[in-house]
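Descriptive analysis of the structure
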Amino acid sequence: MSEVLRGLSLTGRVAIVTGGSRGIGRAVVERLAGCGASVVVNYVSDEDAAKSCVEAARGLGAESLAVRADVARPEGADELVRATLERFGKIDILVCNAGVWDGAPVDELSEELWDRVIDINLKGTWTVCRAATPSLKLNGWGRVVLVSSTAGQRGEANYSNYAASKGGQIAFAKSLASELAPHGINVNAVAPGWVETEMCREAFADADVRRGIECAIPLGRVATTDDIAFPILFLCSEWARHITGEVININGGSVLCG
Ligand code: NAP
């Protein structure tokens, strides 16, 4: 392998991917595993999906472990980090990907729905970063990637709670970038547009809606999960060693900002 390509190697690194069992998270797990990292697959309810993902990572030659933990609860995040340290002894890479997409017009938005989405997407990012930071600091090297959304950049009608959670993640990433840089930890966000996952299955079920979505994307198609996972892999690698506090847009050109 050339010295340049070696910059993508993650051999010896230990990664946690929250919501790693399905969708974007699973693609991230597989790409990190394929580059040599040991990967912890976090999930909250679908044990079969988590097991299948762990098997896929092992099939790529990586060590892998599934940990059920609700990231919206500080105790859940603490347990995720505890289980990772017990098995692998350290944490180098943290991908905060767990999330839900649910909303309502603002005058119909219940406190319960507001809290649920903010708690999983935004508070759940903080709980895991807080729990993992002491271990990341010990290494003097670390990568944190938050999976935000175009909704956090331009807003999203009828999903103001979701957009607020995703915008909050971007502000949080920038704050941690300067706070953790002295410890050798790079913190970045990615902002995907529409991605082919369970999360959007209902929206894509209507052929007219789907066509409208595709027409609004200059590159003409909805992203695959690997379209998101490859830039995340890049951010976790040596190739991105001087990038921190950045938001990478992965949206086929649908939102041109940053
Ligand atoms: P997905 O296919 O619905 O998968 C969601 C993942 O999050 C699952 O692994 C799920 O675990 C996990 N999860 C949900 N709540 C959790 C909790 N409280 N604690 C721990 N894990 C939890 O979603 P996706 O489309 O891959 O989305 C992943 C991320 O990308 C989200 O943050 C989302 O906002 C963002 N994003 C998605 C799109 C898109 O178009 N799909 C666009 C922009 C941004 P279980 O299976 O066990 O429930």
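Right above here is the structure, for reference.
Now for a look at the structure at hand.

Helix and strand counts for the protein come out as 10 helices and 7 strands. The C-alpha radius of gyration computed for the protein amounts to 17 Å, which stays within 12% of the reference 18 Å derived for 258 residues, consistent with globular compactness. Considering only C-alpha atoms, the protein reaches an extent of 45 × 40 × 40 Å along its principal axes. Sorting the 258 residues of the protein into buried and exposed places 50% on the buried side. Within the protein, counting contacts between residues at least 6 apart in sequence, those at least 24 apart form 74% of the total. Entry remark: accessible area of the protein is about 11800 Å², with carbon and sulfur atoms responsible for 52%. Computing the positive centroid from 25 side-chain charges and the negative centroid from 32, the protein places the two 7 Å apart.

At their nearest, the axes of helix α5 (residues 111-139) and helix α7 (residues 160-180) sit 8 Å apart, and the two run at 15° to each other. When the axis of α5 is compared with that of α7, the two are roughly parallel. Both α5 and α7 take part in a crossing whose hand is right-handed. Residue-level inspection shows L113, W114, V117, I118, N121, L122, T125, W126, C129, T133 and K137 of α5 in contact with α7, the latter providing S160, N161, Y162, A164, S165, K166, G168, Q169, F172, L176 and L180. In terms of residue class, the contact of α5 with α7 is built from 12 nonpolar, 8 polar and 2 charged.

To continue, consider the pattern of salt bridges. Following the criterion strictly, the structure yields 18 salt bridges and no others. Here D226 makes a salt bridge to R31, at a shortest N to O gap of 2.8 Å. In this pair, D226 is assigned in helix α10 (residues 225-236) and R31 in helix α2 (residues 23-34), connecting sequence segments 195 residues apart. Measuring nitrogen to oxygen at the nearest pair gives 2.6 Å for the salt bridge that ties D208 to R211. Highlighted residues: D208 and R211, both in helix α9 (residues 207-215), separated by 3 residues, approximately one helical turn. Among the residues examined, D208 registers a relative accessible area of 54% and is labelled exposed. Residues joined in a network through salt bridges with shared partners are R13, K90 and D92.

The next point concerns the sheet that holds strand β2 (residues 38-43). Strand order across the open sheet formed by 7 strands is β3-β2-β1-β4-β5-β6-β7, with parallel pairing between neighbours. Each end of this open sheet is capped by a strand with a single partner; those strands are β3 (64-68) and β7 (247-250). Adjacent strand axes in the sheet meet at a mean angle of 15°, parallel and antiparallel pairs treated alike. Here strand β1 (residues 14-17) runs beside strand β4 (residues 93-96); their pairing, made up of 3 bridges, is parallel.

Before going further, it helps to spend a moment on the pairing of strand β6 (residues 185-192). Burial analysis of β6 places 8 of its 8 residues in the buried class, which makes it a mostly covered element. Side chains of β6 alternate between two faces, with I185, V187, A189 and A191 and N186, N188, V190 and P192 buried alike. Pairing geometry for strand β5 (residues 142-147) and β6, over 6 bridges, is parallel. Bridge pairing in β6 links R143 to N186.

Below, the discussion takes up a nonpolar patch on the surface. Together, V4, L5 and W239 line one region of the surface with nonpolar side chains, adding up to about 310 Å² of accessible area. With respect to the helices, strands and loops of the structure, L5 is situated in helix α1 (residues 3-6). On the accessibility criterion, L5 (45% relative accessible area) is partly exposed.

Here we come to the nonpolar core. With 35 residues, the main nonpolar core has V28, L32, V39, V95, V190, I228 and I232 as its most contacted residues. Every element with two or more residues in this core is listed here: β1, α2, β2, α3 (47-59), β4, β5 and α10. With residues up to four places along the chain from it excluded, the contact list for V28 reads V17, V95, A229 and I232. By size, the runner-up hydrophobic cluster in this structure holds 34 residues, among which are F88, V128, C129 and L180.

Definitions and cut-offs
Residue indices follow the written sequence of each chain, beginning from 1 at its first position. At least 70 in pLDDT is required for a residue's local features to be given in this predicted model, at least 80 for side-chain atom pairs to be given and counted, and no such filter applies to totals for whole chains, interfaces and linings, which use all residues. Side-chain figures throughout are based on the complete set of non-hydrogen atoms in the structure, without hydrogens or water. Put simply, DSSP H or I for four residues or longer makes a helix, DSSP E for two residues or longer makes a strand, and each gets a number counted from the N terminus. Radius of gyration here is computed from C-alpha atoms only, and the compact-globule reference equals 2.2 Å multiplied by the residue count raised to the power 0.38. Burial classes: relative accessible area under 20% of the type maximum marks a residue as buried, over 50% as exposed, and values in between as partly exposed (1.4 Å probe, protein chains only). We call two residues in contact whenever any of their non-hydrogen atoms come within 4.5 Å of each other. Calculation of accessible area relied on Shrake-Rupley with a 1.4 Å probe; when residues are assessed, cover is drawn exclusively from the protein chains displayed. Under this rule, positive means Lys or Arg and negative means Asp or Glu; His and the chain ends count for nothing. One atom stands in for each charge, and that atom is NZ of Lys, CZ of Arg, CG of Asp or CD of Glu. To obtain an axis, a line is fitted to C-alpha atoms, over the contacting stretch when the element is a helix, and the angle between two such axes runs from 0 to 180 degrees between their N-to-C directions. Orientation labels follow simple angle bins: below 35 degrees gives roughly parallel, above 145 gives roughly antiparallel, 65 to 115 gives roughly perpendicular, and whatever is left gives oblique. Two helices that cross are described as forming a left-handed crossing if the nearer one is turned anticlockwise from the farther one by less than a right angle, and a right-handed crossing if clockwise. In this classification, Asp, Glu, Lys and Arg are treated as charged, Ala, Val, Leu, Ile, Met, Phe, Trp, Tyr, Cys and Pro as nonpolar, and every other residue, Gly included, as polar. Salt bridges are counted wherever a side-chain nitrogen of Lys or Arg sits within 4 Å of a carboxyl oxygen of Asp or Glu. Note: two strands are recorded as paired if DSSP finds a minimum of 2 bridges between them. Every patch collects residues that have over 30% relative accessible area and no salt bridge, joining them within 9 Å if they carry like charges and within 5 Å if they are nonpolar side chains (Val, Leu, Ile, Met, Phe, Trp, Tyr). We define the nonpolar core as a collection of buried residues of types Ala, Val, Leu, Ile, Met, Phe, Trp, Tyr and Cys that are connected through side-chain atoms lying within 4.5 Å of one another.

Take it as geometry only, folks, not as evidence of what the structure does.
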